[in-house]
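These are the residues of each chain, in order.
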Amino acid sequence: MTEINAAQMCKRIEAESDAQAQDILSRAGKEAARILEEARKEADTNREALLRAADRALIKIRERIVSSINLEKKKVVMAEKDKFVKSVLQLVRQEAESFRENREYPVFLKKEISSGIAVMDNSSVEIYYSFLDDKLFTGGFRKEIEDACREKIKGGVSLQFIKADFKDIGIIVQSKDGRLISDRRFLAFLKTSYDDIYMRLLKEAG
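Residues numbered from 1 in each chain as written. Predicted model: local features only at pLDDT ≥ 70, side-chain atom pairs only at ≥ 80, totals over all residues. Heavy atoms only, no water.

**Describing the overall build of the protein**
A count of helical and extended segments in the protein gives four helices and four strands. The linear arrangement of helices and strands in the protein, starting from the amino end, is α-α-β-α-β-β-β-α. Buried residues in the protein amount to 22% of all 206 residues. Across the protein, every contact between residues at least 6 apart in sequence was considered, and the portion connecting residues at least 24 apart equals 75%. Of the accessible surface of the protein, which amounts to about 15300 Å², a share of 56% is contributed by carbon and sulfur atoms. (Helix = DSSP H or I, 4+ residues; strand = E, 2+ residues; numbered from the N terminus. Buried < 20%, exposed > 50% of the residue type's maximum accessible area, 1.4 Å probe, protein only. Contact = heavy atoms within 4.5 Å. Areas by Shrake-Rupley, 256 points an atom, 1.4 Å probe, with all protein chains shown as cover.)

The structure is reproduced here in structure tokens:
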């Protein structure tokens, strides 16, 4: 009787062990499947995140490229405009230099001398002229200037004409004490007006 009970008990234990083993294997299989599914989902999520990040990176790269291209275009346009402006100003300088041979040049000099003297608060004034204009500043031309100044300036003015070493058209008017100077040369005018002229020409260039 005892041997039968023992055999039955062994069978029961074996059956229970098999059932437990099957249950453990079943749960382990389900857990493994769950882990694999989660890993797959995470991989999918990561892949989507990576793709989105790649898209954003590509958009930024594209924007930088477009921005760089536009900047280079602007640089090229500005360089061409700058070249145009400088060529125009060079032509202006050449035209100014050629004005010395124009018959109106002596009239221009008289006007500039008269305007320069008008701002001097001094009866003794020095007129500096270019050595290239030496042939103009003869006795007769100087007398014409002195007569014109006497008519405009009350009390008269004493003028001293001094040949200078500059080549520019125009003159420099200076009080004899050196306190007041009126630079009425063309390049002096161009220098003070350069920025304004430059910007106007840039606008004209489109």
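**Here's the deal with the side chain of Ser182**
Structurally, Ser182 can be placed in strand β4 (residues 181-185). At 3.1 Å, the side chain of Ser182 forms a polar contact with the side chain of Arg184. Among residues more than four places away in sequence, those in contact with Ser182 are Gly116, Val119, Met120, Ile171, Ile172 and Val173. (Polar contact = N/O pair within 3.5 Å; in protein donor to acceptor, adjacent residues only side chain to side chain.)

**Quick word on the pairing of β4**
In this sheet, β4 lies alongside strand β3 (residues 170-175) in antiparallel orientation, the contact comprising five bridges. If you follow Val173 over to β4, its bridge partner there is Ser182. Taking the residues between adjacent antiparallel strands as the criterion, β3 and β4 are bridged by five residues, where Gly178 takes a positive phi near 80°. (Pairing = 2+ DSSP bridges.)

**Description of the environment of Leu187**
Within the secondary structure, Leu187 sits in helix α4 (residues 186-204). Overall, Leu187 belongs to the partly exposed group, its relative accessible area being 41%. Not counting residues up to four positions away in its chain, the partners in contact with Leu187 are Arg93 and Asp168.

**Focus on the sheet that holds β3**
Sheet strands pair via backbone hydrogen bonds, and the direction of the pair is either parallel or antiparallel. The strand order across the open sheet formed by four strands is β2-β1-β3-β4, and the pairing between neighbours is mixed. Strands at the two margins of the open sheet, each flanked by one partner only, are β2 (158-164) and β4. Ignoring strand direction, the axes of neighbouring strands in this sheet form an average angle of 20°. In the packing of helix α3 (residues 139-152) onto the sheet, the strands contacted are β1 (124-130) and β2, and the crossing angle to β2 comes to about 140°. (Axes fitted to C-alpha atoms, helices over the stretch in contact; angles between N-to-C directions.)

**Focus on α4**
Its 19 residues give α4 an end-to-end C-alpha distance of only 23 Å, which falls more than 12% under 27 Å, the value for a rise of 1.5 Å per residue. When we look at burial in α4, the residues that qualify are Phe186, Ala188, Leu190, Ser193, Tyr198, Leu201 and Leu202. (Expected span 1.5 Å × (residues − 1).)

**Focus: the pattern of salt bridges**
Tallied over the entire structure, the rule returns seven salt bridges. With a shortest N-O distance of 2.9 Å, Glu112 and Arg184 are connected by a salt bridge. Taken together, the residues Glu112 in helix α2 (residues 105-118) and Arg184 in strand β4 connect sequence positions 72 residues apart. Here Asp147 makes a salt bridge to Lys143, at a shortest N to O gap of 3.1 Å. Taken together, the residues Asp147 and Lys143, both in helix α3 and four residues apart, mark about one turn of the helix. Residue Asp147 is classed as partly exposed on the basis of its relative accessible area of 26%. (Salt bridge = Lys/Arg side-chain N within 4 Å of Asp/Glu carboxyl O.)

**Regarding the packing of α2 against α3**
Packing of α2 against α3 brings their axes to within 10 Å, and their N-to-C directions diverge by 40°. The orientation of α2 with respect to α3, classified from their angle, is oblique. The element α2 and its partner α3 pack so that their crossing is right-handed. Contact residues: Pro106, Leu109, Lys110, Ile113, Ser114 and Ile117 in α2; Phe141, Glu144, Ile145, Cys149 and Lys152 in α3. Looking at side-chain class alone, the contact of α2 with α3 contains seven nonpolar, one polar and three charged residues. (Parallel < 35°, antiparallel > 145°, perpendicular 65-115°, else oblique. Left-handed = near helix turned anticlockwise from the far one by under 90°. Nonpolar A, V, L, I, M, F, W, Y, C, P; charged D, E, K, R; others polar.)

**Points about the environment of Arg200**
Inspection of the secondary structure puts Arg200 in helix α4. Overall, the relative accessible area of 57% leaves Arg200 in the exposed class. Linking Arg200 and Val85, residues 115 residues apart in sequence, is a C-alpha distance of 9.3 Å.

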